[in-house]
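Geometric and topological summary
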Amino acid sequence: MLIRKSPDVRYSEVTPKSLYLNRRKFLAGVPGAVLAGNELLSPSGRASAATTKLQTVQSALSTTGERINPKEYVTGYNNYYEFGTGKDEPQQLARNFKTYPWIVTVEGECAKPRKFTIDEILKLAPLEERVYRHRCVEAWSIVVPWIGYSLSTLLNQVEPNPKAKFVAFETLYDPKQMLSPLQAGIPLPYVEGLRLDEAMHPLALLTVGMYGETLPPQDGAPVRMVLPWKYGFKSIKSIVKIRLVGGQPASTWNLYAPNEYGFYSNVNPNRDHPRWSQKTERRLGEFGRRTTLMFNGYGDQVASLYKGMDLIRNY
Ligand SMILES: Nc1nc2c(c(=O)[nH]1)N[C@H]1C(S)=C(S)[C@@H](COP(=O)(O)O)O[C@H]1N2
Ligand SMILES: [Mo]
């Protein structure tokens, strides 16, 4: 990540003043954006920050024994570089992000490639509430009650063929609504990838909501991935394309700095980032630090995916 001071900025440093200044800065770079009173109106539509309630069922894959962070922690402290590089920026700058209508194309090495509307995605399977620990590569963590179902449910719809070995994901890139790659400091559209067996693992959550409601824009509305055993940047937001492919796909942070961010990016306290330790983390809202667990504590479920692999070399 583009870290200014320490990789672990305190939540209390998020000040209303910086929000205001950053928004002004952002507006200067958005063609067609206008300030109406105190509101930012994007050129392409009305506000979409309003969330709606979702019906959910209990999930056996929900993480137990963790205290859930209050919602404000995950709606006001975000990484979403298309809407600013500061943790406090996406909440403001994504406020008018147009997330409906929305289409996700699922294609590539499969028998039945097709497009899904977000309404079809919401109805494909019962929506489960899954509490997961989330560990950012910047050494902070959070516990969130996400809503969705296993990505495998969606992938099985298109029937992957034997040539499908990996899955490539792509975030929407709309320069009318988002920063330029130069402003964001990373190549856009944001892309990510998984090996097919990782993508088919039940814990890999196709996510449409959190805290009982649809996702707010800054958290990746209307549909994103959540991969609790990997560093947060693998959990790509606002997905428009999912492609089954034969070779290892590109991933944004790996393109940006391959020696710092690998393809696998499994949470691994034994493999430090070149610029900081990954042995401990700060849970948002807590003082002091916690010990980071291998695979973020999900080893019982996912370690078998990596049997025989050197996880220091394959970081
Ligand atoms: N498209 C896109 N997806 C993204 C990012 C991003 O900048 N752009 N940031 C990643 C990082 S670094 C993290 S930690 C998580 C943060 O998700 P959250 O803001 O919902 O906690 O989103 C990930 N997905
Ligand atoms: Mo992150």
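For the structure itself, consult the block above.
A brief look at the structure comes next. Because the structure is predicted, anything quoted here is derived from the model rather than measured.

Let us now look at unusual backbone geometry. In this structure, the amide linkage connecting Tyr100 to the following residue, Pro101, adopts the cis form with an omega of -5 degrees. Within the secondary structure, Pro101 sits in the loop between helix H3 (89–93) and strand S3 (103–108). With an omega of -5 degrees, the peptide bond between Ala221 and Pro222 qualifies as cis. Within the secondary structure, Pro222 sits in the loop between strand S10 (213–214) and strand S11 (224–226).

Now for the environment of Leu305. With respect to the helices and strands, Leu305 occurs in the segment after helix H9 (299–302). Between the C-alpha atoms of Leu305 and Arg195, which are 110 residues apart in sequence, the distance is 9.7 Å. Not counting chain neighbours up to four residues away, the residues in contact with Leu305 comprise Arg195, Asp197, Glu198, His201 and Trp229.

Scanning the model with the defined rule gives 13 aromatic pairs in all. Judged by centre distance (6.0 Å) and plane angle (75 degrees), the ring pair of Tyr132 and Tyr298 falls under edge-to-face. Within this pair, whereas Tyr132 is found in strand S5 (residues 128–135), its partner Tyr298 is found in the loop between strand S14 (290–291) and H9, the two being separated by 166 residues in sequence. Centre to centre, the rings of Phe263 and Tyr264 are 5.2 Å apart; their planes meet at 85 degrees, and the pair counts as edge-to-face. One exposure class covers both Phe263 and Tyr264, and it is buried. Among the aromatic residues, those joined into a cluster by ring pairs are Tyr81, Phe233, Trp253, Tyr256 and Tyr261. In this structure, Arg114 is placed above the aromatic ring of Phe116, and the distance from its NZ or CZ to the ring centre is 3.7 Å.

Relative to the helices and strands, Arg290 is located in strand S14. Leave out the neighbours within four places in its chain, and Arg290 touches Glu66, Lys279, Thr280, Glu281 and Arg283. Among the polar contacts listed, one links the side chain of Arg290 to the side chain of Glu286, at a separation of 2.7 Å.

Reading across from one edge, S4-S3-S12-S7-S8 is the order of the five strands in this open sheet, with mixed pairing throughout. Only two strands of the sheet have a single partner each, and these edge strands are strand S4 (114–117) and strand S8 (191–195). Taking the axes of each pair of neighbouring strands and ignoring which way they run, one obtains an average angle of 15 degrees across the sheet. Of the pairings in the sheet, the one linking S3 to S4 comprises four bridges and is antiparallel in character. Pairing of Val106 across the sheet is with Arg114, part of S4. Together, S3, S4, strand S7 (166–171) and strand S12 (239–245) form the strand contacts of helix H5 (residues 151–158), whose direction differs from that of S4 by roughly 140 degrees.

Around ligand 1 sit 19 residues, and of these Asn78, Tyr81, Asp219, Arg224 and Lys237 come closest. Thr171 is positioned with one of its side-chain polar atoms (N or O) 3.0 Å from a nitrogen atom of ligand 1. The separation between a nitrogen atom of ligand 1 and a polar main-chain atom of Ser235 is 2.9 Å. When the free accessible area of ligand 1 is taken as 530 Å², the share hidden by the protein chains comes to 100%. Structurally, ligand 1 is housed in the largest cavity. Here the shell around ligand 1 is composed, by residue class, of nine nonpolar, six polar and four charged.

This part covers H5. Because each turn of an α-helix spans 3.6 residues, side chains separated by three or four positions end up pointing in the same direction. Within H5 the residues assigned to the buried category are Leu151, Ser152, Leu154, Leu155 and Val158. On an axial view of H5, the arc spanned by its buried residues comes to 160 degrees, and they lie on one face. Looking one or two places after H5, you find Glu159, whose phi comes out positive at around 55 degrees.

It is worth spelling out the side chain of Glu107 at this point. Tracing the backbone shows Glu107 in strand S3. Glu107 has contacts with Pro113, Lys241, Ile242, Arg243 and Leu244, leaving out every residue within four places of it along the chain.

Moving on, we come to empty space enclosed by the protein. Taken as a whole and judged by the stated rule, the model has three cavities of 30 Å³ or more. As for the largest cavity, its lining consists of 23 residues, of which Asn79, Tyr80, Arg224, Gly232 and Lys237 are closest to the centre. Examining the composition of the lining of the largest cavity, we find that three residues originate from one element, strand S6 (residues 140–150), more than from any other. Among the residues making up the lining of the largest cavity, the classes are represented as 13 nonpolar, six polar and four charged. Each pocket or cavity is described by its volume, and for the second largest cavity that value is around 140 Å³. If you go around the second largest cavity, you meet 16 residues; those closest to its centre are Tyr231, Ser265, Asn266, Arg271 and Tyr315. Residue composition of the lining of the second largest cavity, by class: six nonpolar, seven polar and three charged.

Calculation notes
Here the residue index of a chain counts from 1 through its sequence in written order. Ligands are numbered from 1 and chains lettered from A, in the order in which they are written. Whole-chain, interface and lining totals are the exception, using all residues; otherwise, since this is a predicted model, local features are given only for residues with pLDDT of at least 70 and side-chain atom pairs are given and counted only at 80 or more. Only hydrogens and water are set aside; all other atoms, that is, all heavy atoms of the structure, feed into the side-chain values. Segments assigned H or I by DSSP are reported as helices when at least four residues long, segments assigned E as strands when at least two residues long, and all are numbered from the N terminus. Every residue pair with non-hydrogen atoms within 4.5 Å of one another is taken to be in contact. Centre distance within 6.5 Å is the pairing criterion for rings of Phe, Tyr and Trp, where only the six-membered ring of Trp is used; planes under 30 degrees apart are then read as stacked, over 60 as edge-to-face, and the remainder as tilted. Any residue under 20% of the maximum accessible area for its type is buried, any over 50% is exposed, and the rest in between are partly exposed; the area is computed with a 1.4 Å probe on protein chains only. Placement of a charge over a ring requires the Lys NZ or Arg CZ to be within 6 Å of the ring centre, with the centre-to-atom vector within 35 degrees of the ring normal. Contacts described as polar in this section are N or O atom pairs within 3.5 Å, which, within protein, must combine one atom able to donate a hydrogen with one able to accept it, while residues neighboring in sequence count only if both atoms come from side chains. Pairs of strands are assigned from DSSP output, requiring at least two bridges between the strands. Each axis is a line fitted through C-alpha atoms, taken for helices only over the stretch in contact, and angles between the N-to-C directions span 0 to 180 degrees. Residues are labelled near a given molecule or strand when at least one of their non-hydrogen atoms is within 4 Å of it. Only the protein chains shown count as cover for residues, with accessible areas throughout obtained via the Shrake-Rupley method and a probe of 1.4 Å. The rule is simple: put a 1 Å grid over the protein atoms alone, call a set of points where a 1.4 Å probe fits but cannot get out a cavity, call an open set with protein on both sides within 12 Å along at least five of seven lines a pocket, and count a residue as lining if it has an atom within 4 Å of a point. Assignment to a cavity or pocket requires that more than half of a molecule's atoms be within 2 Å of the site's grid points. When residues are sorted by character, Ala, Val, Leu, Ile, Met, Phe, Trp, Tyr, Cys and Pro go into the nonpolar class, Asp, Glu, Lys and Arg into the charged class, and all the rest, Gly among them, into the polar class. Picture the helix axis, draw a direction to every C-beta atom, and the arc is the one those directions span. Grid points are joined across faces, edges and corners, and a volume is the space filled by probe spheres set on the points.

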